[in-house]
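Survey of secondary and tertiary structure
The primary structure of each chain is shown beneath.
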Amino acid sequence: MQVLNDLSALDHSRPIALVPTMGALHAGHAALIEKAREITDSIVVSIFVNPLQFEDSEDLAKYPRSPERDIELARSAGASVVWMPEKNNFYPTNFEVIPSPIMGEKFEGAQRRGHFSGVLTAVNALFTQILPRYAIFGEKDFQQLFLVRQLVRERNMDIEVVGVPTVRDTEGLALSSRNARLSEVEREAALIINQALCKAMQKESLSEAKFSLVKTLSKEPLFTLDYAAIVDEDTFELATQDTVHKRALVAGWINGIRLIDNMAMTSVEQ
Ligand code: PAF
């Protein structure tokens, strides 16, 4: 595996699968790299903590960083290249700033102003410099995945965006780099999110599922809810009884640490 900080040495002779990350890699990222390996043998993992997607400088400063461990995890998961640019080498000169689309102003975007503009600007900078044929994203950031698909579609990019199901720990907590900041008690409290999603999934109607979601989340005193909603996966509008692919989204905080999760509501029929 090569570790590059300059992309001029990147081999373009085979179709590239890009796994964009901000480092602090964990088993969820390993699953993305393993998915990429099923598709091609040229896998580029980018590691860059993108300041443009943090609206709060303290959150950016506290974002976990573990470059040596990241290189080892990427290597053992099967990456071909890790691109770890220096702060000033990630964005090309005159890079395009992508404004947030309407669907990027809701949910995560409503709370985190400018977040999706920052994410899409970074993703577009990656796509234009690495020229991947495939781009692999986790379903955990479901709104991000939706918006990246929209960007690729609207700009007719020749990139297949592949979504990979969320990896959870043995108790159901969605793996996230931010989990490293949770104490043991806070981690226990965070389990309420998966429990609420699983309970809601068992309901037959949309109204019961929504009610159940909020009710279960309200039982955990350490968890402060930001939003809980059920959306149409294909449009990101709020789901109606006629929506075929419903997905519940949850976001909130435990002791100032932001946690998000989501789950397909496959049994919710009306
Ligand atoms: O999902 C992430 O880690 C980031 O939002 C991404 C896609 C690497 C862009 O900075």
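Here we summarise the structure given alongside this text. (Residues numbered from 1 in each chain as written. Predicted model: local features only at pLDDT ≥ 70, side-chain atom pairs only at ≥ 80, totals over all residues. Heavy atoms only, no water.)

Notes on the overall build of the protein chain
In terms of regular secondary structure, the protein chain is built from 8 helices and 9 strands. The globule rule puts the C-alpha radius of gyration for 270 residues at 18 Å, and the 19 Å found for the protein chain is close to it. Looking at the protein chain alone, contacts between residues at least 24 apart form 71% of all its contacts between residues at least 6 apart. About 12,800 Å² of surface is accessible on the protein chain, with carbon and sulfur atoms providing 50% of the total. Side chains of the protein chain carry 28 positive and 37 negative charges; the gap between the two charge centres is 2 Å. (Helix = DSSP H or I, 4+ residues; strand = E, 2+ residues; numbered from the N terminus. Rg over C-alpha atoms; globule rule 2.2 N^0.38 Å. Contact = heavy atoms within 4.5 Å. Areas by Shrake-Rupley, 256 points an atom, 1.4 Å probe, with all protein chains shown as cover. Lys, Arg positive; Asp, Glu negative; His and termini not counted. Charge placed at Lys NZ, Arg CZ, Asp CG, Glu CD.)

Points about the environment of Lys210
With respect to the helices, strands and loops of the structure, Lys210 is situated in helix 8 (residues 206–218). With a relative accessible area of 41%, Lys210 lands in the partly exposed category. Spatially, the C-alpha atom of Lys210 lies 34 Å from that of Gly23, the residues being 187 residues apart in sequence. (Buried < 20%, exposed > 50% of the residue type's maximum accessible area, 1.4 Å probe, protein only.)

Structural notes on the packing of helix 7 (residues 184–201) against helix 8
In helix packing, the relevant descriptors are the interaxial angle and the interaxial distance, both defined with respect to the helix axes. Between helix 7 and helix 8, the shortest axis-to-axis distance is 8 Å and the interhelical angle comes to 155°. It follows that helix 7 is roughly antiparallel to helix 8 by the angle criterion. In the packing of helix 7 onto helix 8, the handedness of the crossing is right-handed. Contacts from Ile192, Ile193, Gln195, Ala196, Leu197, Lys199 and Ala200 of helix 7 reach helix 8 at Ala209, Ser212, Leu213, Thr216 and Leu217. Tallied by class, the residues present in the contact of helix 7 with helix 8 amount to 8 nonpolar, 3 polar and 1 charged. (Axes fitted to C-alpha atoms, helices over the stretch in contact; angles between N-to-C directions. Parallel < 35°, antiparallel > 145°, perpendicular 65-115°, else oblique. Left-handed = near helix turned anticlockwise from the far one by under 90°. Nonpolar A, V, L, I, M, F, W, Y, C, P; charged D, E, K, R; others polar.)

Quick word on helix 8
Between the first and last C-alpha of helix 8 there are 19 Å, a value that for 13 residues agrees with the 18 Å anticipated at 1.5 Å per step. Along helix 8, the positions that sit buried rather than exposed are Leu206, Ala209, Ser212, Leu213, Thr216 and Leu217. Projected onto a plane normal to the axis of helix 8, the buried residues spread over an arc of 130° and lie on a single side. Of the residues in helix 8, the exposed ones pointing more than 90 degrees away from the buried face are Ser207, Phe211 and Ser218. Here the buried face of helix 8 lies against helix 7, strand 7 (223–232) and strand 8 (246–254). (Expected span 1.5 Å × (residues − 1). Arc of directions from axis to C-beta.)

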